[in-house]
Amino acid sequence: MRPFPIFEKLLTFETECAIVPIPKQSTAFGRGHSYTPKRQADYVKKLKRHFNSTFPYRGLFEGPIHIQVLFVFPAKGKAKKEKLGDRGWYPHTTVPDKDNLIKPVFDAMTGTVWKDDKYVFRKDVMAVYSTFAKIVVSATLCKIPKISEYRLQ
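Residues numbered from 1 in each chain as written. Predicted model: local features only at pLDDT ≥ 70, side-chain atom pairs only at ≥ 80, totals over all residues. Heavy atoms only, no water.

Trainee: Even after reading the chapter, I still don't get the packing of aromatic side chains, so can you show me in this structure?
Mentor: What describes a pair of aromatic rings is the distance from one ring centre to the other and the angle between the planes of the rings. Applying the stated criterion across every chain yields a total of 9 aromatic pairs. When the ring of Phe7 is compared with that of Phe121, the centres are 5.0 Å apart and the planes differ by 80°; the resulting orientation is edge-to-face. Linking Phe7 in the segment before β1 (8-17) with Phe121 in strand β6 (residues 120-130), this pair joins segments that are 114 residues apart in sequence. Residue Phe7 is classed as buried on the basis of its relative accessible area, which comes to 18%. Of the residues examined, Phe121 reaches a relative accessible area of 37% and is grouped as partly exposed. Relative to Phe55, the ring of Phe13 lies with its centre 5.2 Å away and its plane at 75°, an arrangement referred to as edge-to-face. Here Phe13, found in strand β1, pairs with Phe55, found in the loop between α1 (38-54) and β4 (65-74); they are 42 residues apart in sequence, far enough to count as distant. Aromatic ring contacts, followed pair by pair, group Phe13, Phe51, Phe55, Tyr57 and Phe61 into a single cluster. Against the face of Trp89 rests Arg87, its NZ or CZ located 5.9 Å from the ring centre. (Phe/Tyr/Trp six-rings, centres within 6.5 Å; stacked < 30°, edge-to-face > 60°. Helix = DSSP H or I, 4+ residues; strand = E, 2+ residues; numbered from the N terminus. Buried < 20%, exposed > 50% of the residue type's maximum accessible area, 1.4 Å probe, protein only. Lys NZ or Arg CZ within 6 Å of the ring centre and 35° of its normal.)

This is how it looks when you write it as structure tokens:
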């Protein structure tokens, strides 16, 4: 049985960026005002520049979007490197959680790839450890089938 319908793909944007993933931090406060920490702001700017330079379409995505993101963290320390084994990776199951990892990516893609992140109706996020760091993103503009055309298989 298939839990999700098959969506027709209209346009797909795929890219990968050799950068260490940084989670979105809680809002910082100082002198009575909230602000985004510099490290976080620089990370989002770097992602936005990367998306701007690799996005091949003229207009921004508007409509139902399915996004898939893979966050690859560098395995540090002997114990972590031993866990890599023959596969070359293993699941990242510690903090930061996936919700905080995806937020800066969404911030960087808004106004660059899509008009607004409200169009994202499905997201698949995976985080792993490996010998290198990178972020892989696939955003697909989809055509939604009529409910009468959808059947579980």
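Trainee: Just to check I follow, could you spell out the sheet that holds β6 for this structure?
Mentor: The strands making up a sheet associate through backbone hydrogen bonding, with each pair oriented either parallel or antiparallel. Sheet architecture is open: 5 strands sit in the order β1-β7-β4-β6-β5, paired in mixed fashion. Each having just a single partner strand, β1 and β5 (90-91) make up the two edges of the open sheet. Bridge count for β4 against strand β7 (residues 134-143) is 8 bridges, and the pairing is antiparallel. Residue pairing for β7: Val69 is matched across the bridge by Val137. The sheet strands contacting α1 are β1 and β7, and the helix crosses β1 at an angle near 125°. Against the sheet, helix α3 (residues 98-109) touches β1, β4, β6 and β7, its axis set at about 120° to β6. (Pairing = 2+ DSSP bridges. Contact = heavy atoms within 4.5 Å. Axes fitted to C-alpha atoms, helices over the stretch in contact; angles between N-to-C directions.)

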